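Analysis of the macromolecular model
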Amino acid sequence: MTVDNQTGILDNGCDIYIEVYAQTNGIPLQVVRQGGTSDHYMVTSTVSNVMTSQPTKTQAVTDTLFAKAVYLAQAFNIGVPYVSAMNNGVVYKPDAVNYPSIDDSSFYNSIFNSITLADGDYKEWDVILHEYGHCVAQKIGIDDSPGGAHSSYENLTIRYQNKSKGIRLAWSEGWATYFSISAQLYRNAASLNIPGVGNTCYDPTANEIENNSSEALGEANERAVSRILLDLADNTPSEIRDNVSLGYQAVWNIAKNSGCTTLSECIAAAYSYMGKTIENYSNIGKLLSDQNVAAEPTGISKSSINTLLFSYNKPEESEYLSYQYEILITYDSQIRSSITVPVNQSSGCLLTEEQYNYIKSNYRNGFYWCVVTKDTQNSPETGPYYSEFYYYTYE
């Protein structure tokens, strides 16, 4: 409140006006005008002769830039407490939130630690928190994005013909979308009854994160990254193939403590966190196969000779990539003892008679098996990604 034009004796009051700023709770963050130095604020008309304890109120017009700035600032009241809860009370903020952008785009600038938002994105909390997710990822050391155009509908390694760029960009964008959605779910933002807020659909692209209604395209696809992270964290009994519910805190810890900047690094840290068991690897494997990150076993058949044929489906788009596949065979629920057989056919692995006899003599009652997907031919190496395990009993 600013007191202005103090009247003299006997005038019985003050003439005042009020400046109201678009600002968040929890951290001192104000929304600033793009390309300018002044903050978004509203000044009321002068109210004459206000007495002590006399209430005065005003209301912002909904279609003004100030009102929009206030609206978008409230999204940080979801994001900031989420970061505080995950990060032991330590919060991060951008140095500036610029609104509206000059070129009608929304983005995070790591050099200036600033978020810029398009005019129409003031009501898109998914976008606002996505950009804030980039900021947070930079602060906790899990973002090495090379930048560049991207979409949830493509494999970025294929787009750029550059594996390193593709998997790092996909992780960066996928993490930011996961952060946006998980923050809203954790904070029960749906209870605010704001359209488009608090669900699992990333609204700007109608990108459903919770289920597989639209296809994901592997480790260099941002949609796949978002879905896998959310499936690792949440508890959704309705998803038959999602048997993992680590919680948002665990997924945060896995990412931050490992310093991962690709999906492969994150999954390696998740394996370590959960423990090396068939059950854990198998549950993660279902998520990976569903998002075309890992191959999907389809069965074992007995051939005409004394051997077995292991069959599987390769991940979508894999014909453009250089993945290698192995069959892992074990009888031990903790995978302390196992053998691997390199795939020797286009969509399967035919054991030699010698291999078959060795397995049958060592694993007499049967065995567990899965398909291992990895890429050791292109830098950086990725995988191994373990598929779901199946049990085979000899005929």
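Just above sits the structure.
Presented here is a report on the structure given in the accompanying data block. (Residues numbered from 1 in each chain as written. Predicted model: local features only at pLDDT ≥ 70, side-chain atom pairs only at ≥ 80, totals over all residues. Heavy atoms only, no water.)

As for the overall build of the protein
The criterion, for reference: Working definition: helices are DSSP H or I runs of at least four residues, strands are E runs of at least two. Numbering for both runs from the N terminus. Buried, partly exposed and exposed residues are distinguished by accessible area as a fraction of the type maximum, computed with a 1.4 Å probe on protein chains only: under 20%, between the cut-offs, and over 50%, respectively. Any two residues whose heavy atoms approach within 4.5 Å are treated as being in contact. Accessible surface area values rest on a Shrake-Rupley calculation with a 1.4 Å probe, where residue burial reflects the displayed protein chains alone.
Summing up its helical and strand segments, the protein has 10 helices and 19 strands in all. Counting only residues that meet the buried cut, the protein has 50% of its 395 residues in that class. If you take every contact in the protein between residues at least 6 apart in sequence, the share linking residues at least 24 apart comes to 62%. Of the accessible surface of the protein, which amounts to about 18,100 Å², a share of 46% is contributed by carbon and sulfur atoms.

Comments concerning the packing of aromatic side chains
Note the following rule: Pairing of aromatic side chains here covers Phe, Tyr and the six-membered ring of Trp, requires ring centres within 6.5 Å, and sorts the geometry by plane angle: under 30 degrees stacked, over 60 edge-to-face, intermediate tilted.
For the coordinates displayed, the defined rule picks out 23 aromatic pairs. Relative to Tyr122, the ring of Tyr71 lies with its centre 5.8 Å away and its plane at 80°, an arrangement referred to as edge-to-face. Placement of Tyr71 in helix H1 (residues 65-73) and of Tyr122 in the loop between strand S9 (114-116) and helix H3 (125-140) is noted, with a sequence separation of 51 residues between them. Ring plane angle 90° and centroid distance 5.9 Å describe the contact between Tyr392 and Tyr394, whose orientation is recorded as edge-to-face.

Description of the sheet that holds strand S4 (residues 31-33)
Rules: At least two DSSP bridges between two strands are required for those strands to pair. Fitting a line to C-alpha atoms yields each axis, with helices limited to the stretch in contact; the angle taken between N-to-C directions then spans 0 to 180 degrees.
Pairing is mixed in the open sheet, where 4 strands are placed in the order S4-S7-S9-S8. The open sheet has two free edges, formed respectively by S4 and strand S8 (107-109), since each of these has just one partner strand. The mean inter-strand angle of the sheet, taken between neighbouring strand axes irrespective of direction, is 30°. One ladder, built from 3 bridges, connects strand S7 (residues 96-99) with S9; its direction is parallel. Each residue of the ladder has a partner; that of Ala96, found in S9, is Ser114. Along the sheet, H3 contacts S8 and S9; its crossing angle with S8, the most-contacted strand, is approximately 25°.

What about the packing of helix H6 (residues 222-233) against helix H9 (residues 278-290)?
To be explicit about the condition: Note on terminology: angles under 35 degrees are roughly parallel, angles over 145 are roughly antiparallel, angles of 65 to 115 are roughly perpendicular, and the others are oblique. Should the near helix be turned anticlockwise from the far one by less than a right angle, the crossing is left-handed, and should it be turned clockwise, the crossing is right-handed.
Where H6 contacts H9, the axes come no closer than 9 Å and their chain directions differ by 150°. By the angle class used here, H6 and H9 are roughly antiparallel. Regarding H6 and H9, the two cross each other, and that crossing is right-handed. Residues Ile228, Asp231 and Leu232 of H6 form the contact with H9, whose own contacting residues are Ile284, Leu287 and Leu288.

Here's the deal with helix H2 (residues 76-86)
Taking burial as the measure, the 11 residues of H2 include 8 buried ones, the bulk of the element. Residues Phe76, Asn77, Ile78, Gly79, Val80, Tyr82, Val83 and Met86 constitute the buried set of H2. The inward-facing, buried residues of H2 abut H1, S7, S9, H3, helix H5 (163-186) and helix H7 (248-258). Positive phi appears at Asn88, one or two residues downstream of H2, with a value of about 55°.

Points about the pattern of salt bridges
Quick note on the threshold: By definition here, a salt bridge exists when the distance from a side-chain nitrogen of Lys or Arg to a carboxyl oxygen of Asp or Glu is within 4 Å.
One pass over the structure, following the stated rule, counts 9 salt bridges. The residue Asp119 makes a salt bridge to Lys68 at a minimum N-O spacing of 3.6 Å. One end of the pair, Asp119, is in the loop between S9 and H3; the other, Lys68, is in helix H1, and 51 residues separate them in sequence. Residue class for Asp119 comes out partly exposed when judged on its relative accessible area of 30%. Across the salt bridge formed by Lys374 and Glu326, the nearest N and O atoms sit 3.1 Å from each other. Residue Lys374 is found in strand S17 (residues 367-375), and its partner Glu326 is found in strand S14 (residues 324-330); the two are separated by 48 residues along the sequence. Here Lys374 falls in the partly exposed class, since its relative accessible area comes to 22%. Several salt bridges share partner residues, and in doing so they unite Arg241, Asp290, Glu296 and Glu388 into one network.

A word on the side chain of Glu222
Rules: Counting rule applied: Lys, Arg positive; Asp, Glu negative; His and chain ends not counted. Side-chain atoms alone can form a polar contact between residues adjacent in sequence; in general such a contact is a pair of N or O atoms within 3.5 Å, and within protein one must be able to donate a hydrogen while the other accepts it.
When you line up the elements, Glu222 lands in helix H6. The charged side chain of Glu222 is buried without a salt bridge, its nearest counter-charge being Arg159 at 7.9 Å. A polar contact of 2.9 Å, which involves the side chain of Glu222, links it to the side chain of His150. The residues contacting Glu222, other than those within four sequence positions of it, are His150, Ser151, Ser152, Ala170, Glu173 and Gly174.

Observations regarding the nonpolar core
Rules: We call a set of buried Ala, Val, Leu, Ile, Met, Phe, Trp, Tyr and Cys residues a nonpolar core when their side-chain atoms join them within 4.5 Å.
If you look at the biggest cluster of nonpolar residues, it comprises 74 residues, and the most contacted ones within it are Tyr132, Trp171, Trp175, Tyr178 and Leu288. Residue contacts for Trp175: discarding those within four places in its chain leaves Gly133, Ala137, Ile140, Ile142, Val225, Leu229, Trp252 and Ala255. Ala295, Ile359, Tyr363 and Tyr394 belong to the second largest nonpolar core, which has 21 residues in total.

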